[in-house]
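# A closer look at the structure
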Amino acid sequence: MIEIHKYQEVTQIKMSRDIGGKPLYWVAAYFIDGMLVDTGCDYTSKELCDLLQKYDVEFVVNTHYHEDHVGANYLIGNTFNINIFAHPKTVCLMKQKPELYPYQEMVWGYPKNYENGIPVGDKINTLNFSFDVIETPGHCDGHIVLLETNKGWCFTGDLFVSENPKVIRPEEDITQIVNSMERILNTTKSDLVLFTSIGRIVENGRSALAECINYLKNLSREVKELYQKGYPISTIRDMLFGGEGPIYQRTNNQFSSENLIKSALAANI
Ligand SMILES: [Zn+2]
């Protein structure tokens, strides 16, 4: 299923596999002035492609290679015969079938391999807007965000989800996440609106990023102090987060507070 929301000149396209008429998990793509940012998952690829017949899509940019961001690349690239740009690492990763956990296969499914991705440059221009392409690893390798400094728009992919994340995946690295968020703040002094992939549009984006950076730095300090006092990682997790929440089992043990504690302990921030 698809929901459309407008914000200024930006069209948000929220997509979810539906089971029994109910959405399973929303992921958002954005359409701005001929550019489509991300393409959702495989389950919604046909629906998105049909919807885009009404839009004048000139090209696509992927924020990263995950299956809920590139799922309709193959169909859209071939249907509209348009270019799909991404970070060079993402261009390579999109050519391969990813390894998915059962929860990912159920919620998003396998994307079709996409062979024709084009490495993105430092800037992307549409007719009316100009976007800085900022390399922002941390959620995964090859992650980029798009920043329109005149409008203050920042399309953040999966770099930013909330101000106070409680769980991360094992491959996520909070040192890189903090550095990436600081890179965005240092690129512009303007106020920011964050367009996130979970569908949240955050109007006080500058302070939201600063709050997240502050939270992760404080967490790292706290974790290191407790570890030096001799507490094991699992005990620190229980002390700070009260154990794992339901998302831990729902994601085949991938999203965990213990991952966050480990990354906070190893962090250099
Ligand atoms: Zn992702």
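Look above for the structure.
As a starting point, this report considers the structure included with it. Just so we're clear, the structure is a prediction, and the values are computed from it rather than from any experiment.

Pairing in this open sheet of 7 strands is mixed, and the strands run β1-β2-β5-β6-β7-β8-β9 from one edge to the other. Strands with a single pairing partner mark the edges of an open sheet, and in this sheet they are β1 (2–7) and β9 (118–119).

Positive phi, normally seen in glycine, also occurs at Asp38, with a value near 70 degrees. Mapped onto the elements, Asp38 comes out in the loop between β6 (35–37) and α1 (45–52). Given 28 C-beta atoms within 10 Å, Asp38 falls into the buried group. Phi is positive for Asn253, close to 65 degrees, though the residue is something other than glycine. One can find Asn253 in the loop between α8 (246–250) and α9 (257–266).

Let's shift gears to the sheet that holds strand β10 (residues 123–125). The mixed open sheet is built from 6 strands, whose spatial order is β10-β11-β12-β13-β14-β15. Strand pairing shows two members of the sheet lacking a second neighbour, β10 and β15 (201–202), which therefore form its edges. Where strand β12 (residues 144–148) and strand β13 (residues 153–157) come together, 3 bridges link them in antiparallel fashion. When the sheet's bridge partners are listed, Leu146 is paired in β13 with Phe155. The strands touched by helix α5 (residues 174–187) are β11 (130–135), β12 and β13; relative to β11, the strand with the most contacts, the crossing angle is about 150 degrees.

The next subject is the nonpolar core. One finds Tyr30, Val145, Cys154 and Met181 to be the most contacted residues of the largest nonpolar core, which totals 67 residues. At 7 residues, helix α6 (residues 205–228) tops the list of elements feeding residues into this core. With near-sequence residues (within four places) excluded, Tyr30 lies in contact with Val10, Thr11, Gln12, Ile13, Val37, Phe155 and Phe195.

Taking 1.5 Å per residue as the helical rise, α5 with its 14 residues ought to reach 20 Å, and the 20 Å between its terminal C-alpha atoms agrees with that figure. Of all the positions in α5, only Ile174, Gln176, Ile177, Val178, Ser180, Met181 and Ile184 are classed as buried. On its buried face, α5 sits against β11, β12, β13, α6 and α9.

Here the focus is the pairing of strand β8 (residues 83–86). Only one face of β8 is buried, namely the one carrying Ile84 and Ala86, since none of Asn83 and Phe85 on the opposite face is buried. Relative to β8, strand β7 (residues 59–61) is paired through 3 bridges, and the arrangement is parallel. Across the sheet, residue Phe59 finds its bridge partner in β8, namely Asn83. Across 2 bridges, the pairing between β8 and β9 is parallel. Within β9, the residue paired with Phe85 across the bridge is Ile118.

Scoring rules and cut-offs
All chains use their own residue numbering, which begins from 1 and follows the written sequence. Only residues with pLDDT of at least 70 get local features here, since the model is predicted, and only at 80 or more are side-chain atom pairs given and counted; chain-wide, interface and lining totals rely on the full set of residues. Any two strands with at least two DSSP-identified bridges between them are counted as paired. Secondary structure counts use DSSP, requiring at least four H or I residues in a row for a helix and at least two E residues in a row for a strand, with both numbered from the N terminus. Partly exposed residues are those falling between the two cut-offs: more than 12 but fewer than 20 other C-beta atoms within 10 Å of their own, whereas 20 or more means buried and 12 or fewer means exposed, with C-beta atoms placed from the backbone. Note that contacts rest on C-beta atoms placed from the backbone: two residues are in contact if these are within 7 Å. Axis definition: a line fit to C-alpha positions, over the contact stretch in the case of helices; interaxial angles, taken between N-to-C directions, run 0 to 180 degrees. Note on terminology: a nonpolar core is any set of buried Ala, Val, Leu, Ile, Met, Phe, Trp, Tyr and Cys residues joined through C-beta atoms within 7 Å. A helix is expected to reach a length of 1.5 Å times the quantity of its residues less one.

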